[in-house]
Structures are given as structure tokens and as C-alpha cells.
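One-letter residues, chain by chain:
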Amino acid sequence: MNTCGNLIQLRDAIDLQNHKVNLLGVVVGFSVPRKSKGTDYVSVLKIIDESHQSPDFSVNIFAENLDDLPHVKSAGDLVQLSCVMMKVHNGEVYAVFNKFSSSFALFEGKSCKDLCPYQASSGYCIRGLDEGFIIRLRTWHLNFQLDAGTSAYLLSLKEIKAGGYFDLICKVLLVCEVSKDVWMLFVWDGTDTQPLDFQMKLEDEAHNPLPLQIESSLPRDILGTFPCVGTILRVIADQAYEKLGLHFQGSGQWVRLRNITCQVCSGLWRGVLVPSSKIQLLSNEDNIVAERQREFNKRISTKCGRVPLVNFPCPSPITGISFSVVSEIAFQSTLTDYEHVPFVTLMDLLTYSEVTAKFKCVVRVVAVYPWRAEDFRSPIGLREYRIRLTLEDPTARIHAFVYAEDGVKFFEGYPPIDVLTSKRNKLLGMTENLNSKEDEDAPRNPPWVECCIKSYYLDKSSRWESRHYRIFGTRHVA
DNA sequence: TTGGGG
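Values in this document were obtained by computation on a predicted structure and should not be read as measured data. As a convention, each chain's residues are numbered from 1 in the sequence order in which they are written. Each chain takes a letter, starting from A, and each ligand takes a number, starting from 1, following the order in which they are written. For a predicted model such as this one, the threshold for reporting local features is a pLDDT of at least 70, and the threshold for listing and counting side-chain atom pairs is 80 or more; totals across whole chains, interfaces and linings nevertheless cover every residue. Water and hydrogen atoms were dropped before computing side-chain values, which therefore reflect all heavy atoms in the structure.

### Details of the layout of surface pockets
Part 1 of the reasoning: Approximately 850 Å³ is the volume attributed to the largest pocket.
Part 2 of the reasoning: In this analysis a 1.4 Å probe is tested at points of a 1 Å grid over the protein atoms alone, and where it fits but cannot get out there is a cavity; an open set with protein on both sides within 12 Å along at least five of seven lines is a pocket; lining residues have an atom within 4 Å of a point. If you go around the largest pocket, you meet 37 residues; those closest to its centre are Leu212, Gln213, Leu350, Ala396 and Arg397.
Part 3 of the reasoning: A run of DSSP states H or I qualifies as a helix once it reaches four residues; a run of E qualifies as a strand once it reaches two. Both are numbered from the N-terminal end. Looking at the lining of the largest pocket, the elements that each hand over two or more residues are helix 4 (220-223), strand 13 (232-237), strand 15 (268-273), helix 6 (346-350), strand 20 (397-403) and strand 22 (467-472).
Part 4 of the reasoning: Looking at the lining of the largest pocket, the element that brings in the most residues is strand 20, giving four residues.
Part 5 of the reasoning: For the lining of the largest pocket, the residue count by class is 19 nonpolar, nine polar and nine charged.
Part 6 of the reasoning: Summarising the domain contributions, the lining of the largest pocket has at least three residues from each of domain 2 (154-193 + 231-300) and domain 3 (309-476). Grid points are joined across faces, edges and corners, and a volume is the space filled by probe spheres set on the points. Gly is placed with the polar residues, together with every amino acid not listed as nonpolar (Ala, Val, Leu, Ile, Met, Phe, Trp, Tyr, Cys and Pro) or charged (Asp, Glu, Lys and Arg). Throughout, the edges of the domains are those of an automatic or database domain assignment.

Structural data, given as C-alpha cells:
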């Protein structure tokens, strides 16, 4: 048991540099436990109490084992710290937790009545006197609204750009180990990331096809728990982070990811949690969280809510076609037979409850296989169209086939190769008149097009596993 | 010892 005296308030502790103190605070943020540059693991907790709410007060916690560091569950949880040393760095007072002489305990916050910690370091022992402090701090925090605050670094998913560091206020949908020792967060804020240019060569699709997602695919039952509108950003964690899944145990937690960065990988956005990133847990009542949710509810309550945000609600910058309601939406290069069917997202399609179904989506064609128009039809037999398109919207990517009579409709018969090539180029957002090999390899920016997609299966005994998608009822008119 | 936001 640690006996450095009674619990004291942060305001009083700040005057006790180079003394050991006992503290109790509300956790408002933390750095995700990771390997330190020394021999231990480290996590920095940011805490506040009645006497000191701003700026955050830091507690540096070191431990030999990752599991021995605090794993904060929710916004507003309480931490009790015994025998931590008060120090100062660059004029800022902070506390250091010594793995041999200090101890900590984490308690649920706010409305919880339980006085048992959900995690405690070895050597921790609660005293009757401390219980009163815990009850008092919970009561105070009930009526205290701490906001994530704003800053120039704060972006939403629709604003992110590659490179540079920024903060993101988002909901953590899932944390999982996507491959051995590689952890990934799946986060969402209700907006769509911007469509990207594609640098890769068309012919690469044969040997090195564009991936459909960054991770190897998730089981359909997990995918089905995700929102169908708005981009789900994959955030890969630096290798310094081990067992990231110990955190964010309650999925659906809103957080502010501080100082993260972003890369583009195979034409997909990918966030990166770097060693200097921080997590700030937010309550659902946080101002910006509420604003994100309001914006999202406003979006999905409109007829265009499931159309990519970049096309909403104004004329699309890419197609240049103006529209106000879904029935009037027309995309420059395609027409469908199902004018009054509402648009859905590719996530709607992926997570739909039936194997066979029909959908209408607004997508970009980001790759085609085979890539040469002269190979769009089978060389033998009936010489039918058989093409695999890679389609994407802000929510997902899929392969969709253009087959036989659907191909005849799509390409309006069997046009000459040069016309077919021109149609392909337009669909893929390539330079209009290709004069050289360089033009063919120039970055392409596919336009948004509308298309009807049906899902079907190849094998009756494994319908879901053999589910495929096909374009139908769609004409390429450009 | 290690961290310490930009």
C-alpha cells in the first residue's frame, strides 16, 4: 500500500514540485500505450479536476509490460494516482508515475456508483477516505461539459489531404488486428473523403489489380454493423502500438484523434496513427460530435443523401450536370432504365440482407479488365462482352462484370474499336485524345456515373461466398 | 531512462 498522504487537488499539487503526491482526476485524453524509447512502455494521461480544468495536466506513466499500463475505457473515467512525483518541464508541471513506488486505479465516471476500480496496478489499495473524493469528483463532472474544442488542425473526412498532420473527430467503429501485429482503426464522421486521381497504368489490372480495400476483407456480419453512408477511413497504427484492441473496447466511441496523418495507397485514403498521436475520448454530447451527427442526419434525410457528397447538393464539379432532386439526377456519360429508383451506396449493396438483388448507384470506374477495347469480347464462340470493372464510391469498392446482352446495352451495340476505346477512356477519366503512351499513363480522374447493379450467386450451395455483381440496364452514352 | 503535441 502506498502512503504519500491524502488525495490533493491538482491546483495544490502544482506547487509541490519534486514531492510525491496522491491525485484523483477525470481522464480527458491519453496517448495510446506504446513502447518508450527506453526499456518500458509508456502512456501519458491528461487529467482535470474541479480545481484545474485547463490546460490539461499530464501524467507520464511507465511500466515494464504493456498490460500494466492504464487502459481507459470511456470519456470521463476517473484515475486515482498514488505516490506520483511532481516535476516541471518547459514551465509546465506534470506528474511522473514510478513503476516501483507509484500505483494507479481506474474507475468508471459520471453516473456510475461502483467504487471498485475496473483496472488497478499491483499495490493499489482503496481507502475509505478516498471513496468520498471519488463520489465528489463524479458529481462535479456530471455537470461539467468539456468540449473537444476547435483548432486549425481539426478536419473532417471530406477535408483530409495526403501528408501533413491533422486532428479528426470521429466515431471508432472497430479496432482489429488486420495482420500479425498490425492494428487498424475503422473510423467514420458521416462525411465522404474526396475522390482521388489514379496514377497506375491500365494494363496493371491484369497482374497487379487495384485492391478492393486496404485490409483483407472483413466478415459480412461485421461489415453489416457499419454505417452505409459516409466513408469509413482505415487508420493503420504505427508498429510501436501493440495490442491496440485493448483500447476502444466499447465500439462506437467518439474520439478526437490528434496529430494523425494520411496517405494514399492504391487510390484509397489511409490514416496513420503515429507515435506522437493522441486520443481524446469525447462524450456524445460534445459540441462538435453533436454537430457532426446533425450534419449527417440532415444529409440522409434528403433524397440525395446516399449520393457521394461531392455531388451534393450543388452541380457536380466533375460531370457539370445540375440537379436538385434524385429523379432529375443525370450523369453525363450514363443513363439507366430505372429513373425513379433511389440511389444507394456500395456499402448498402455489400451489406444487403439478400444475396440476389438490384441496386442503382453513383460510382466511378477506377479500373477495367481486360484493359484493351479489342479484348472486351471473348475471342471465340459467341464473341460476347465480358469485362470486369472496378467500381468505387466513398463507401466501398467492388468488382462488377459487364456481360453479354448487358454489354450490348452498355456500349449501344458493337461499335468499332476506336469508338469503344473512346468510351472506355471517358469512363475511366482519361485524357480525351490520346496521342502518345504518356497520355495513356497520365493520372486519370474518373467521372461519377450512375449505373444499375445486380447481385447474383454462382454456386447454390455457397450463395454468399460466390456472390458476384453485374452491371445491367445501363447505357454509356458519352 | 523513457514523455513532454503540432
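Having seen the structure, we can now continue with the description.
### Thoughts on the pairing of strand 18 (residues 357-369)
Part 1 of the reasoning: Of all 13 residues making up strand 18, eleven are buried, and the element is well covered by its neighbours.
Part 2 of the reasoning: At least two bridges found by DSSP between two strands are what make those strands a pair. Bridging between strand 18 and strand 21 (residues 449-457) involves seven bridges; their strand directions are antiparallel. Following the sheet pairing, Val362 is matched in strand 21 by Glu450.
Part 3 of the reasoning: Two strands pair when backbone bridges link them, and strand 18 and strand 19 (residues 386-392) are joined in this way by five bridges, in the antiparallel orientation. Exposed residues in this analysis have more than 50% of their type's maximum accessible area, buried residues have under 20%, and partly exposed residues fall in between, with area computed by a 1.4 Å probe over protein chains only.

### Observations regarding the domain arrangement of chain A
When the parts of a complex come together, some accessible area is lost, and that lost area is often taken as the interface size.
Part 1 of the reasoning: Each assigned domain of chain A is listed with its residue range as follows: domain 1 (7-142), domain 2 (154-193 + 231-300) and domain 3 (309-476).
Part 2 of the reasoning: Should any heavy atoms of two residues lie within 4.5 Å, those residues are counted as being in contact. Taken together, the 17 residues of domain 1 in the interface contact 17 residues of domain 2.
Part 3 of the reasoning: In this description, buried area is defined as the sum, over both parts, of the accessible area (probe of 1.4 Å) that is lost when the two are combined. Overall, the association of domain 1 and domain 2 removes approximately 1600 Å² of surface from exposure, summing both partners, and the carbon and sulfur fraction of that is 60%.
Part 4 of the reasoning: The largest per-residue losses of area from domain 1 upon contact with domain 2 belong to Phe30, Val32 and Arg34, which jointly make up 34% of the total buried on that side.
Part 5 of the reasoning: Whenever Lys or Arg places a side-chain nitrogen within 4 Å of a carboxyl oxygen from Asp or Glu, that contact is recorded as a salt bridge. A salt bridge links Glu242 to Lys35, with the nearest nitrogen and oxygen atoms 3.0 Å apart.
Part 6 of the reasoning: Here a polar contact is recorded for every N or O atom pair within 3.5 Å, except that within protein the pair must consist of a potential hydrogen donor and a potential acceptor, and residues adjacent in sequence are included only if both atoms are side-chain atoms. For the pair domain 1 and domain 2, the interface holds six residue pairs in polar contact (both at pLDDT 80 or more).
Part 7 of the reasoning: Listing elements by their share of the side of domain 1 that touches domain 2, those giving two or more residues are strand 2 (20-30) and strand 3 (34-35).

### Describing the pattern of salt bridges
Part 1 of the reasoning: All chains considered together, the criterion is met by 17 salt bridges.
Part 2 of the reasoning: When the shortest N-O distance is used, the salt bridge between Arg136 and Glu50 registers 3.3 Å. With Arg136 in helix 2 (residues 128-142) and Glu50 in the loop between strand 4 (41-49) and strand 5 (52-63), this residue pair connects regions lying 86 residues apart in the sequence.
Part 3 of the reasoning: The partly exposed category is assigned to Arg136, whose relative accessible area is 48%.
Part 4 of the reasoning: In this structure Glu50 comes out as partly exposed when scored by relative accessible area, which is 30%.

### So, the protein's contact with DNA strand B
Part 1 of the reasoning: Contacts to DNA strand B come from 20 residues, most closely from Lys37, Asn60, His89, Tyr94 and Arg258.
Part 2 of the reasoning: Of all atoms in DNA strand B that approach within 4 Å of the protein, 29% are sugar or phosphate atoms.
Part 3 of the reasoning: Contacts to DNA strand B include Asn60, whose side-chain N or O atom sits 2.6 Å from a base nitrogen.
Part 4 of the reasoning: Mapped by element, the contributors of at least two residues to the surface near DNA strand B are strand 4, strand 5, strand 11 (165-179) and strand 14 (253-265).
Part 5 of the reasoning: In terms of residue count, the dominant contributor to the surface near DNA strand B is strand 5 (three residues).
Part 6 of the reasoning: Among the residues forming the surface near DNA strand B, the class breakdown is five nonpolar, seven polar and eight charged. By convention in these notes, a residue is near a molecule or strand provided one of its non-hydrogen atoms lies within 4 Å of it.

### Describing the UniProt feature "domain: Telomeric single stranded DNA binding POT1/Cdc13" (unreviewed entry) in chain A
Part 1 of the reasoning: UniProt positions are given in the numbering used here, feature names are shortened, and annotations may be inferred rather than shown by experiment. Mapped onto the present numbering, the UniProt feature "domain: Telomeric single stranded DNA binding POT1/Cdc13" (unreviewed entry) falls on residues 7-142.
Part 2 of the reasoning: Secondary structure content for residues 7-142 is 14% helix and 45% strand, and the end C-alpha separation is 20 Å.

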